[in-house]
Amino acid sequence: MLASNRYIVYYRRMHDIPSAIDDINHRIKKAQHHSPDAQAVTLMAVSKNHSVDEIRQAYSCGIRHFGENRAQEGIGKIVQLKELTCQWHFIGPIQANKTQLIAQHFDWIHSVDRLKILQRLNQQRSSLPPLNVCIQVNISNEPQKSGLAASELPELLAATRDLDNLQIRGLMCIPQATTDIDTLNQTFQQMHALYLQNAAPYQLDTLSMGMSQDLEAAVQHGSTMVRVGRAIFG
Ligand SMILES: *Cc1c(COP(=O)(O)O)cnc(C)c1O
């Protein structure tokens, strides 16, 4: 009897989505206790490469935000899951010829770094509620990575004031992959400072940072939205 109880406690199947979500919620809560901001944190489940059945499982565990990084794949799922009350976040690289699809199907976009793309999204969003936008910042200054330099942010934000079909919600980053916790903390801290500089003037409420590997550090440095894929879906 005791042996079988232990079995239940310690054994976890590869794709046990409900207990993976429990774990993540627990990790977030613990990290919030160590954040000076004590901010609320939204968990976005990144469902790229995963099926609508897996998304339904996560939904039944209370997840209401889902992230996709390819327009076509994401829209296929959005259409199939129309009956769910959830928000869809586009988090992938944006090609100019896909902005119309994104503008018409997604609720959020986290990966914009150019005015031209913002203008297209604004035009193509008319007759729908405003599209929620996070501007991607290349906070580690990696040459091959999307996102604008921190120094370019003021000009881009100023230019968004005229775009009525967009609601600029905040900033997003994907820090350079590193196993050095000090570097990671420093990067998240820089991102948080940049966010605080712009939060009041632009009424921002979202700092989108933290993934499966680094969500604790991100939440401790003020993240309000973590984007978690592998740690939920395997
Ligand atoms: C895939 C992806 C994630 C999730 O990463 P995991 O390591 O699987 O948690 C988060 N953000 C973006 C932009 C992604 O493309």
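Residues numbered from 1 in each chain as written. Predicted model: local features only at pLDDT ≥ 70, side-chain atom pairs only at ≥ 80, totals over all residues. Heavy atoms only, no water.

Regarding the nonpolar core
Our working definition: Here, nonpolar core means buried Ala, Val, Leu, Ile, Met, Phe, Trp, Tyr and Cys residues that are tied together by side-chain atoms lying within 4.5 Å of each other. Under the scheme applied here, a residue whose accessible area is under 20% of the maximum for its type counts as buried, over 50% as exposed, and between as partly exposed, the area being computed with a 1.4 Å probe on protein chains only. Elements are defined by DSSP. Helices are runs of H or I of four residues or more, strands are runs of E of two residues or more, and each kind is numbered from the N terminus. Contact definition: two residues touch when any of their heavy atoms are within 4.5 Å.
Phe66, Ile109, Leu121, Val133, Ile135, Leu171 and Ile232 are the most contacted members of the largest nonpolar core, which has 63 residues in total. Counting residues per element, this core draws most heavily on helix H8 (residues 181–202), which supplies 7 residues. In this structure Ile135 touches Val112, Leu118, Leu148, Leu153, Leu156, Leu157, Ile168, Gly170, Leu171 and Met172, once residues within four positions along its chain are discounted. Listed in part, the 7 residues of the second largest apolar core include Met44, Ile91, Trp108 and Met172.

Quick word on the site of the ligand
The condition is simple: We call a residue near a given molecule or strand whenever any one of its heavy atoms falls within 4 Å of it. The term polar contact refers here to a pair of N or O atoms within 3.5 Å; inside protein, the definition further demands a hydrogen-donor-capable atom paired with an acceptor-capable atom, and it admits residues adjacent in sequence only when both atoms are side-chain atoms. Grid points spaced at 1 Å over the protein atoms alone were grouped into cavities, where a 1.4 Å probe fits but cannot get out, and pockets, open sets with protein on both sides within 12 Å along at least five of seven lines, with lining residues defined by an atom within 4 Å of a point. Being in a pocket or cavity means that more than half of the molecule's atoms lie within 2 Å of its grid points. Residues are sorted three ways: Asp, Glu, Lys and Arg are charged, Ala, Val, Leu, Ile, Met, Phe, Trp, Tyr, Cys and Pro are nonpolar, and all the rest, Gly among them, are polar.
What surrounds the ligand is the set Val46, Lys48, Ile91, Met172, Ile174, Met211, Ser212, Arg227, Val228, Gly229 and Arg230. Here Gly229 contributes a backbone N or O atom positioned 2.8 Å from an oxygen atom of the ligand. One of the side-chain nitrogen or oxygen atoms of Arg230 is found 2.7 Å away from an oxygen atom of the ligand. At a threshold of 2 Å from the grid points, most atoms of the ligand map onto the largest pocket. A breakdown of the residues in the shell around the ligand according to their chemical character gives 6 nonpolar, 2 polar and 3 charged.

Side note on the confidence of the model for the chain
As a general rule, the predicted coordinates of low-pLDDT regions are not to be interpreted in detail. Counted only if it meets this: Across the chain, each position has a pLDDT score giving the predictor's confidence in that residue, from 0 to 100.
Summarising the model, the chain shows a mean pLDDT of 94, and 94% of its residues fall at 70 or more. Here residues 1–12 is modelled with pLDDT under 50, and outside its nearest four sequence neighbours on either side it reaches 3 contacts, counting other chains as well.

Focus on the pattern of salt bridges
Basically, it comes down to this: In what follows, salt bridge is the name for a side-chain nitrogen of Lys or Arg lying within 4 Å of a carboxyl oxygen of Asp or Glu.
Per the stated rule, a full pass over the model turns up 9 salt bridges. Residue Arg70 pairs with Glu73 through a salt bridge whose shortest N-O separation is 2.7 Å. Note that Arg169 is salt-bridged to Asp205, the shortest N-O span being 2.9 Å. Of the two residues, Arg169 is situated in strand S6 (residues 166–172) and Asp205 in the loop between H8 and strand S7 (206–208); the sequence distance between them amounts to 36 residues.

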